[in-house]
Amino acid sequence: MPLLAGAEPFRHEGGETAVLLCHGFTGSPQSLRPWAEHLAGHGLTVSLPLLPGHGTRWQDLGVTGWQDWYAQVDRELRLLRERSERVFVAGLSMGGALALRLAALHGDAVSGVMVVNPANRVHGVAAHALPVIRHLVPATRGIASDIAKPSVTELGYDRVPLHAAHSLRTFLRLLDGELPRVTQPLLLLRSPQDHVVPPADSARILGRVSSTDVTEVLLEQSYHVATLDYDAERIFEESTAFIGRLAPGAVREPGLGKEGTTAGG
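Residues numbered from 1 in each chain as written. Predicted model: local features only at pLDDT ≥ 70, side-chain atom pairs only at ≥ 80, totals over all residues. Heavy atoms only, no water.

(A) How the structure looks around the nonpolar core. Phe25, Trp69, Leu100 and Val113 are the most contacted members of the largest nonpolar core, which has 43 residues in total. In terms of residues, this core owes the most to one element, helix H4 (residues 94-106), which gives 8 residues. What phenylalanine 25 contacts, discounting residues up to four positions off in sequence, is His54, Leu61, Trp69, Met94, Ile143, Val160, Ala164, Ala165 and Leu168. Counting residues in hydrophobic clusters, the runner-up holds 31 residues, among them Trp35, Met114, Ala226 and Ile235. (Core = buried A, V, L, I, M, F, W, Y, C linked by side-chain atoms within 4.5 Å. Buried < 20%, exposed > 50% of the residue type's maximum accessible area, 1.4 Å probe, protein only. Helix = DSSP H or I, 4+ residues; strand = E, 2+ residues; numbered from the N terminus. Contact = heavy atoms within 4.5 Å.)

This is the structure we're talking about:
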């Protein structure tokens, strides 16, 4: 299937410090593109891949699982490590969960973690029925575009395939047991008004990780997709400050880096 316009992955060759961005479940790189461009504009190398099954039609997501999504970001991290002095990982929602697993499994290969409204579990009574109901019902209503800012839309599916949702639930339960292995500096940004991932998920993550350098930022004016919402600029500024503190000299003034590229699927 052809990619949806705007769902293309993004890559930018910048300096020796790199950032790997991971988008969310049923979403696409479009939700993180402004963040990626901001980081690239400050001279950082940036990779924002398209996760398998995303960016086309929801039926394609239904035949993929968490192993496919994680393998994509794991591969991107390894490629960045080959050419970068240090790598930071970041993500939105499920993408935040993927970033946390990269940190847990790759240890010192990851210099820091930045997550926005990270997911820790699939909520609702229906979540417990997923092992059975996924064989009876192919999909349920979508979760995309939880944004307070009017006239802004997230490019995501309008349906959630239940086989994929079941795989996501399995992944999040696995990650929960791995969170104590996360020791890197952590920047966690969350929206008190989030209609997709409740505050309890961030609280659980903060209570489980072993990081001692932790910064929590509240995004008071935004909903779940805060990277496209009113607090987007704050996310961008907090992330560059976080990277600049941990990697002095890595963040440059805008306009001094190379141009970014959009890569087709």
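(B) Quick look at the side chain of histidine 106. Considering the arrangement of structural elements, one finds histidine 106 in helix H4. Apart from residues lying up to four places away in sequence, histidine 106 is in contact with Tyr70, Asp74, Leu77 and Arg78.

(C) Geometry of the environment of arginine 159. Looking at the secondary structure, you find arginine 159 in strand E7 (residues 159-161). Distance from arginine 159 to alanine 144, taken between C-alpha atoms, is 8.9 Å for residues 15 residues apart in sequence. Residues within four places of arginine 159 in sequence aside, it is in contact with Thr26, Trp58, Ala139, Thr140, Arg141 and Gly142. A distance of 3.0 Å separates the side chain of arginine 159 from the backbone oxygen of alanine 139, its partner in a polar contact. (Polar contact = N/O pair within 3.5 Å; in protein donor to acceptor, adjacent residues only side chain to side chain.)

(D) Structural detail: the environment of leucine 105. Note that leucine 105 resides in helix H4. Judged by its relative accessible area of 34%, leucine 105 falls in the partly exposed class. The spatial distance from the C-alpha of leucine 105 to the C-alpha of serine 93 is 19 Å, given a sequence separation of 12 residues. In this view, leucine 105 contacts Tyr70, Glu178 and Arg181; residues no more than four positions away in its chain are not counted.

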